[in-house]
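As a plain string of letters, each chain reads:
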Amino acid sequence: MFSQLKPLPTDPILGLMAAFKADTNANKIDLGVGVYKDEQGNTPVLKAVKKAEEFRLANETSKSYIGLAGNLDYCQKMEELLLGNAHPALLANRVRTAQTPGGTGSLRVAAEFIKRCNDNATVWVTTPTWANHISLFEAAGLTVKEYPYYDYEKKGLLFDEMVNALSQIPAGDVVLLHACCHNPSGMDLNAEQWQTVTDIAKAQGFTVLIDIAYQGFGTSLDEDAAGLRLLASQVEELIICSSCSKNFGLYRDRIGACSIISKDASAADVSNSVLLSVVRSIYSMPPAHGADIVSTILSSSELTTMWHDELDEMRSRINEFRSLLKEKLNDKCHGMDFSFIERQHGMFSFLGINKEQIERLQKEYSIYIVGSSRVNVAGISHANIDYFADAVAEVTK
Ligand code: PLP
Ligand code: TYF
């Protein structure tokens, strides 16, 4: 039976990780996979996480099953982190949340949930988007289509084109929006644009799915969720797929959440029963560790302060290097303008260089960036920024 199988290509981003590991050049730079790195190029466990893990080791009393929705305290804390403490949707008891294995698990659960709502739903994603979005929704048997988003020429948003496209999407379809730190472009909507999109969603009646994988990496925990909170206060139904991989640095512990907002409390109970049925049919119950860590941190004011400080430090470092990178590249690459890097948010921006130049960076300089020219700004440090900017100047000459 297995002999029928044809080999499939690997994920290009994860492939870069392996190629980087195997490279013996001492000057090599990894700007590929979206993982935060400190000045030394490490991705350390956050101090707040270590403290919470110590607490857990000392206090865990059982390894019994945790239930379909996972850790309920974690689910509640995530709703508050995403929506803010006194959001009207929370006060009206319209939100139901399941702990999921990472943001990816959340998206996969959401895809099955959408399929149960409407077998014929089309999911609309930004051009471009995180490649996994497309495969995750297609894996659930949904059709995926794209709407204009990033302007590769002007390095901004194609907002008018986006508005035109969204204005044609009917009720029964789903529109995926990145809450902040758009992957891969770094280009986010401003407050006015969020309001416009919300108005279109209300007029058209389509359902919005918000993917929030970088809360706290853009401007602040609250600012990065402002668009999501606006939508949640003005539309009847919303799906939120969140991840603690980046902001808690819990990547390999696979911790995220899928939150469904319904039109009222009783509709929310129905949605919840379907959400949990989907969970049961995929993995039954999520693993406990990551959720315990997050709920321990968010239950302690001391650990929450520690986490906020560590998150602020990560964001500040990224933003510092956005500015430095812009300066160095503008300085060294004559006739090119990299000021867009400073206007974008989160770990990613497209350099806007071509395939051949990207290949030269890898072959001649051991600088690894994704084939779309997406760079992870967190991979830049004081130690490598000149080497990087000189290499970009050389290949773009
Ligand atoms: N959504 C986006 C846009 C992402 O970039 C990622 C990956 O980092 C995820 C979701 C899911 O991340 P994870 O499954 O590691 O929590
Ligand atoms: O885009 C990124 O780099 C992150 C990490 O299959 C990632 O979102 C990349 C590929 C993948 C899973 C996670």
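Quantities reported herein were computed from a predicted structural model and do not represent experimental measurements.

K.L.:
Help me understand the pairing of strand β9 (residues 238-243) in this model?
P.N.:
Put simply, side chains in a regular strand alternate between the two faces of the sheet. The element β9 is largely enclosed, with a buried count of six among its six residues. Residues L238, I240 and S242 point to one face of β9 and I239, C241 and S243 to the other, with burial holding for every one of them. As paired strands, strand β8 (residues 207-212) and β9 are joined by five bridges and run parallel to one another. Each residue of the ladder has a partner; that of V208, found in β9, is L238. Relative to strand β10 (residues 256-261), β9 runs antiparallel, the two being bridged by six bridges. Looking at β10, one finds that I239 is bridged to I260.

K.L.:
Just checking my understanding: could you explain the packing of helix α5 (residues 102-117) against helix α6 (residues 131-139) for this structure?
P.N.:
Helix packing geometry: the angle between the two helix axes and the distance between the axes. Contact geometry for α5 and α6: axes closest at 8 Å, N-to-C directions at 40°. The orientation of α5 relative to α6 falls into the category oblique. Crossing of α5 against α6: the hand is right-handed. Contacts from T104, L107, R108 and A111 in α5 reach N132, H133, L136, F137 and A139 in α6.

K.L.:
It is not clear to me how the domain arrangement of the protein chain should be interpreted in this structure. Could you clarify?
P.N.:
A common measure of how large an interface is: the accessible area buried when the components associate. On domain assignment, one finds that the protein chain holds domain 1 (10-45 + 303-395) and domain 2 (65-299). Put simply, the middle of domain 1 and the middle of domain 2, counted by C-alpha atoms, are 27 Å apart. Among the secondary structure elements, those contributing two or more residues to the side of domain 1 that touches domain 2 are α13 (301-332) and β11 (348-350). Here the side of domain 1 that touches domain 2 takes seven residues from α13, the largest share from any one element. In terms of residue class, the side of domain 1 that touches domain 2 is made up of 12 nonpolar, nine polar and two charged.

K.L.:
In this structure, what is going on with the packing of α5 against helix α11 (residues 265-282)? I would like to understand it.
P.N.:
It is at 9 Å that the axes of α5 and α11 come closest, and there the two elements cross at 120°. With respect to α11, the element α5 is oriented oblique. Taken as a pair, α5 and α11 cross one another with a handedness that is right-handed. Judged by residue contacts, R108, V109, E112, F113 and R116 of α5 engage V274, L275, V278, V279 and I282 from α11. Classifying every residue of the contact of α5 with α11 by side-chain character gives seven nonpolar, no polar and three charged.

K.L.:
How do you make sense of the site of ligand 1 when you look at a structure like this?
P.N.:
Contacts to ligand 1 come from 13 residues, most closely from G102, G103, T104, S243 and S245. At three residues, the largest contribution of residues to the shell around ligand 1 is made by α5. Here the residues of the shell around ligand 1 sort into three nonpolar, nine polar and one charged.

K.L.:
Even after reading the chapter, I still don't get unusual backbone geometry, so can you show me in this structure?
P.N.:
Residue T127 is joined to P128 through a cis peptide bond whose omega torsion reads -5°. Its location among the elements puts P128 in the loop between β3 (122-127) and α6. Cis peptide bonds are those with omega within 30 degrees of zero, and the linkage from N183 to P184 qualifies with 20°. By the element assignment, P184 lies in the loop between β7 (174-178) and α8 (191-204). At S284, a position not held by glycine, the phi torsion is positive, near 70°. Tracing the backbone shows S284 in the loop between α11 and α12 (289-299).

K.L.:
How do you make sense of the site of ligand 2 when you look at a structure like this?
P.N.:
With respect to spatial proximity, the complete set of residues near ligand 2 consists of D11, I13, L14, V33, G34, W130, N132 and N183. Built from parts of two domains, the shell around ligand 2 gets at least three residues from each of domain 1 (10-45 + 303-395) and domain 2 (65-299).

K.L.:
Which parts of the structure should I look at to understand the pairing of β8?
P.N.:
Counting buried residues in β8 gives six out of six residues, a clear majority hidden from the surface. Burial along β8 is two-sided: T207, L209 and D211 facing one way and V208, I210 and I212 facing the other are all buried. As judged from the five bridges shared by β7 and β8, these two strands associate in the parallel manner. Bridged to V175 within β8 is V208. In terms of handedness, the path from β7 via α8 over to β8 forms a crossover that is right-handed.

K.L.:
Whenever I open this one, the environment of V109 confuses me. Can you help?
P.N.:
With respect to the helices and strands, V109 occurs in helix α5. For the pair formed by V109 and E60, sequence separation is 49 residues and the distance between their alpha carbons is 28 Å. Excluding residues that lie within four positions of it along the chain, V109 makes contacts with A98, T100, C258, V278, V279 and I282.

K.L.:
I would appreciate a short explanation of the nonpolar core in the present structure.
P.N.:
A general tendency of soluble globular proteins is for nonpolar side chains to be buried together. Ranked by internal contacts, the top residues of the largest apolar core, which has 114 residues, are A110 and I210. In terms of residue count, α13 provides more of this core than any other element does, eight residues in total. Residues from two domains meet in this core; each of domain 1 (10-45 + 303-395) and domain 2 (65-299) gives at least three. Contacts of I210, omitting those with residues within four sequence positions, involve L177, A179, L228, L231, L238 and I240.

K.L.:
I keep staring at the UniProt feature "domain: Aminotransferase class I/classII large" (unreviewed entry) in the protein chain and nothing clicks. Help me out?
P.N.:
The feature "domain: Aminotransferase class I/classII large" (unreviewed entry), as given by UniProt, occupies residues 27-392 in the numbering adopted here. With 47% helix and 15% strand, residues 27-392 has its two end C-alpha atoms placed 14 Å apart.

Here is what the cut-offs are and how they apply
Residues numbered from 1 in each chain as written. Chains lettered and ligands numbered in written order. Predicted model: local features only at pLDDT ≥ 70, side-chain atom pairs only at ≥ 80, totals over all residues. Buried ≥ 20, exposed ≤ 12 C-beta atoms within 10 Å, placed from the backbone. Helix = DSSP H or I, 4+ residues; strand = E, 2+ residues; numbered from the N terminus. Pairing = 2+ DSSP bridges. Axes fitted to C-alpha atoms, helices over the stretch in contact; angles between N-to-C directions. Parallel < 35°, antiparallel > 145°, perpendicular 65-115°, else oblique. Left-handed = near helix turned anticlockwise from the far one by under 90°. Contact = placed C-beta atoms within 7 Å. Domains from an automatic or database assignment. Nonpolar A, V, L, I, M, F, W, Y, C, P; charged D, E, K, R; others polar. Near = placed C-beta within 6 Å. Right-handed = clockwise from strand over helix to strand, strands pointing away. Core = buried A, V, L, I, M, F, W, Y, C linked by C-beta atoms within 7 Å. UniProt positions renumbered as here; feature names shortened; annotations may be inferred.

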